[in-house]
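# Summary of the model geometry
Here is what each chain is made of, one letter per residue.
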Amino acid sequence: MLEVGTVEFSFLRQRGITRRQKLVNELVRSGYGVIDDPRICKKGEIILNRGLNPDVPGDSNFFVFVKTSSFGRTKVFFTDPSREDGGKALTKRQLMRRFSSSKVKDEWVSEVKDAVLKTAAAKDTNTRYACAHGHWGENGGKDDGVSSRTHILREMMLWHYDIDATGYHNWINAQHFEDIADMEDAAGIMKVPSLELTLPAKNLLALNGMHLNIDFKDLPTALDFWDRILKGRTLDMPGMAPRIDQGEVLMTMDELREANSIAARAAHTYGIINVGIGQVGVGALNDPEKRERSISEVLDFIQRHIDLVGSGNFTFPDKLASPQDPETQAFFEMIVRKHLGTQATLDQKNISIAFSMHCKKENGFRKRQYADPDLHVYEGVRTYMRVVSPLAWGRTVIHFSKEAMGLFHRGVAFRASDLVYLMRKQTHFARDGADYGAKISIDSYLELQNGIMKPVKARRSPLRKLILVADNAYHGMVNVHLALKNLWNTIRNMKR
């Protein structure tokens, strides 16, 4: 026979589940689809998404997390997607909305539903957010990302992303892509075949060149690119340059770009990173320091071979630039002062942000920007605490015209090939001989703090650093392991 405490416990849990279901029913009636996939949701959790409305397809994503504990307490968690100055003015409590039924009133469900609908209105249904750079764990040792697919996907969902254009370093695998795409499809997120390509330097003995994010119109195109350019030529250290002539890579890229089969994006355009056993420069603007290209040649490269330019990098340290070349130093000073102000320092994040603005605004360029999070470690909404992700520091935004939305509302899906076409043309994508207006921009929630561009107050998250101490340590160990493996295999091959 059940003891009294056990009966009370069961009653509380059932009451919480009933309350949760009532809220879910209200949101479903308001046009939200339900996600209860165990690959994504925790025990006792349901996630709702406006983008999965079965009656009106095509609207952008807005996710709501709802979880009932074993003791019957129902929590609701979602974030405010307000843009520009409205988004910068939010406090952390306004940015990350949390409701609990522990102090429940009869009208609690109605109040929460109204808060969800009001907050969701801050993201237009014709506006989609894209995560344009990041790395995945569960990769069989082929990349330096360490987070699980579930954590990565949940973090994208918390910040209402619609499109995932992240990828591994110099590697794409059909099974991995299809598994991730299937998981993301269940959540209402579109997966784009992408990878981060390390362009070989002209000097074939160099370990690293500039890093480019490459997006493909479909998986067969991505696998063909891998087979033609990367297969058998990559090193054990994922981000190191493949052993192939730079001219061959660029010729293939340009052919595919002209056919609108790929789009090329310049990642973290100035950055020096530690790869475990040394430091390497990984951006286009590092080329002058390597005597690879002059500044004028870098600008020409961007104009000829690149479609979008990354704005900063959220994972790079605020390290000051110290180029030896006076021309490079003068160029850095010019773009930072012009676009960020005289108080801004010449650190690598500022330089990358300023360069993306320069490429957007200067005559002869007009290259669109994209937000460049480049995350390798994700928190993954492990709890409903207010832990802000760098995915909320800035985001790539796509705005669709009324005609494009009419297409989507008729059940015609936006595809990876459409995104690649839009990146190439920058003002529209084509479908069945007709053009549909769209544009790419970025939201940025950074501000100048002591001369460095950093997230506004509500988006700083010391708690995130604490939660991810072990994961960040593991990421460092992965880098060291891969670097040592690469060094050992290089030495062994030299002895043969």
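Scroll up a little and you will see the structure.
Conventions and cut-offs
- Residues numbered from 1 in each chain as written.
- Predicted model: local features only at pLDDT ≥ 70, side-chain atom pairs only at ≥ 80, totals over all residues.
- Heavy atoms only, no water.
- Helix = DSSP H or I, 4+ residues; strand = E, 2+ residues; numbered from the N terminus.
- Rg over C-alpha atoms; globule rule 2.2 N^0.38 Å.
- Buried < 20%, exposed > 50% of the residue type's maximum accessible area, 1.4 Å probe, protein only.
- Pairing = 2+ DSSP bridges.
- 1 Å grid on protein atoms, 1.4 Å probe; cavity = no way out; pocket = protein on both sides within 12 Å on 5 of 7 lines; lining within 4 Å.
- Points joined across faces, edges and corners; volume = space filled by probe spheres on them.
- Nonpolar A, V, L, I, M, F, W, Y, C, P; charged D, E, K, R; others polar.
- Phe/Tyr/Trp six-rings, centres within 6.5 Å; stacked < 30°, edge-to-face > 60°.
- Lys NZ or Arg CZ within 6 Å of the ring centre and 35° of its normal.
- Axes fitted to C-alpha atoms, helices over the stretch in contact; angles between N-to-C directions.
- Parallel < 35°, antiparallel > 145°, perpendicular 65-115°, else oblique.
- Contact = heavy atoms within 4.5 Å.
- Left-handed = near helix turned anticlockwise from the far one by under 90°.

A tally of regular secondary structure across the protein chain gives 15 helices and 20 strands. Against the compact-globule benchmark of 23 Å for 496 residues, the protein chain has a radius of gyration of 23 Å, which places it among compact chains. When its C-alpha atoms are laid out on the principal axes, the protein chain stretches across 75 × 55 × 50 Å. Burial status across the protein chain gives 57% buried among its 496 residues.

Remember that side chains alternate between the two faces of the sheet whenever the strand is regular. Buried residues dominate strand β2 (residues 45–49), accounting for five of its five residues. Neither face of β2 is exposed, since E45, I47 and N49 on one face and I46 and L48 on the opposite face are all buried. In the sheet, β2 pairs with strand β3 (residues 63–68) via five bridges, with the strands oriented antiparallel. Note on β3: the bridge partner recorded for I46 is V66.

Here we take up the layout of surface pockets. A water-sized probe rolled over the atoms picks out the places where empty space is left. What the largest pocket holds in volume is close to 1100 Å³. When residues of the lining of the largest pocket are traced back to their parent elements, those giving at least two are β12 (272–274), β13 (279–281), β20 (452–455), α14 (462–467) and α15 (469–495). Looking at the lining of the largest pocket element by element, the count peaks at five residues for α15. Taken together, the residues that form the lining of the largest pocket break down as 19 nonpolar, 14 polar and 11 charged. In this structure, the second largest pocket spans a volume of roughly 490 Å³. Forming the boundary of the second largest pocket are 25 residues, of which R128, G188, M190, A413 and F414 lie nearest the centre. Looking at the lining of the second largest pocket, the elements that each hand over two or more residues are α6 (174–187) and β8 (190–191). Here the element with the most residues in the lining of the second largest pocket is α6; it accounts for three residues. By residue class, the composition of the lining of the second largest pocket is 13 nonpolar, six polar and six charged.

Using the criterion set out here, one finds 17 aromatic pairs in the structure. Here F65 and Y384 contribute two aromatic rings whose centre-to-centre distance is 6.3 Å and whose plane-to-plane angle is 80°, an arrangement assigned as edge-to-face. On the criterion of sequence distance, the pair formed by F65 in strand β3 and Y384 in the loop between β15 (368–371) and β16 (394–400) is long-range, its members being 319 residues apart. Residue classification places Y384 among the buried residues on the basis of a relative accessible area of 8%. Ring centres of F400 and F414 lie 4.9 Å apart, and the angle between their planes is 70°; this geometry places the pair in the edge-to-face category. Taken together, the residues F400 in strand β16 and F414 in the loop between α12 (402–409) and α13 (416–425) connect sequence positions 14 residues apart. Aromatic rings pair up to connect F400, F408, F414, F429 and Y436 into one cluster. Taking NZ or CZ as reference, R265 lies 4.5 Å from the ring centre of Y370, over its face.

With that settled, consider the packing of helix α9 (residues 295–305) against helix α10 (residues 326–340). Here α9 crosses α10 at 55°, and the two axes come no closer than 9 Å. Judged on the interaxial angle alone, α10 and α9 are oblique. Between α9, through I295, S296 and L299, and α10, the contact on the second element is made entirely by E327, T328 and F331. Across the contact of α9 with α10, the residue classes tally to three nonpolar, two polar and one charged.

Let's shift gears to the sheet that holds β15. Spatial strand order, β9-β10-β11-β14-β15: five strands in an open sheet with mixed pairing. Across the chains shown, the open sheet's two edge strands, defined by having one partner strand only, are β9 (194–198) and β15. Each neighbouring strand pair of the sheet contributes to a mean axis angle of 35°, computed without reference to strand direction. Pairing of β9 with strand β10 (residues 211–216), which is carried by five bridges, proceeds in the antiparallel orientation. Residue pairing in the sheet places E196 in a bridge with N213 of β10.

This model, assessed by the stated rule, comprises four cavities of 30 Å³ or more. Lining the largest cavity are W136, T166, G167, Y168, W171, I172, N173, H176, F177, I180, K191 and S194. Take the lining of the largest cavity: its biggest share by element is three residues, from α6. For the lining of the largest cavity, the residue count by class is six nonpolar, five polar and one charged. Approximately 70 Å³ is the volume found for the second largest cavity. Taken together, A130, A132, I163, A165, R265, L308, Y370, T396, I398, L419, M423 and I440 make up the full set of residues lining the second largest cavity. Of the residues in the lining of the second largest cavity, the class split is 10 nonpolar, one polar and one charged.

Next up on the list: the packing of helix α7 (residues 219–230) against helix α8 (residues 246–258). Relative orientation of the contacting elements α7 and α8 amounts to 160°, with a least axis distance of 11 Å. When the axes of α7 and α8 are compared, the pair comes out roughly antiparallel. The handedness of the crossing between α7 and α8 is right-handed. Where α7 abuts α8, its residues F225, R228 and I229 lie against E248, V249, T252, M253, E255 and L256. Partitioning the contact of α7 with α8 into residue classes produces five nonpolar, one polar and three charged.

The subject of this paragraph is the sheet that holds β2. On the basis of which strands lie adjacent, the open sheet formed by five strands has the order β1-β2-β3-β4-β5 and antiparallel pairing. Every interior strand has two partners, whereas the edge strands, β1 (33–35) and β5 (96–100), have only one. Strand-to-strand twist across the sheet, computed as the mean angle between neighbouring axes with direction ignored, equals 20°. Relative to β5, strand β4 (residues 74–79) runs antiparallel, the two sharing five bridges. Bridged to F77 within β5 is R98. Most of the contacts of helix α5 (residues 149–158) go to β3, to which it runs at about 115°, and overall it touches β1, β2, β3, β4 and β5.

In short, shape yes, function no, at least from these values alone.
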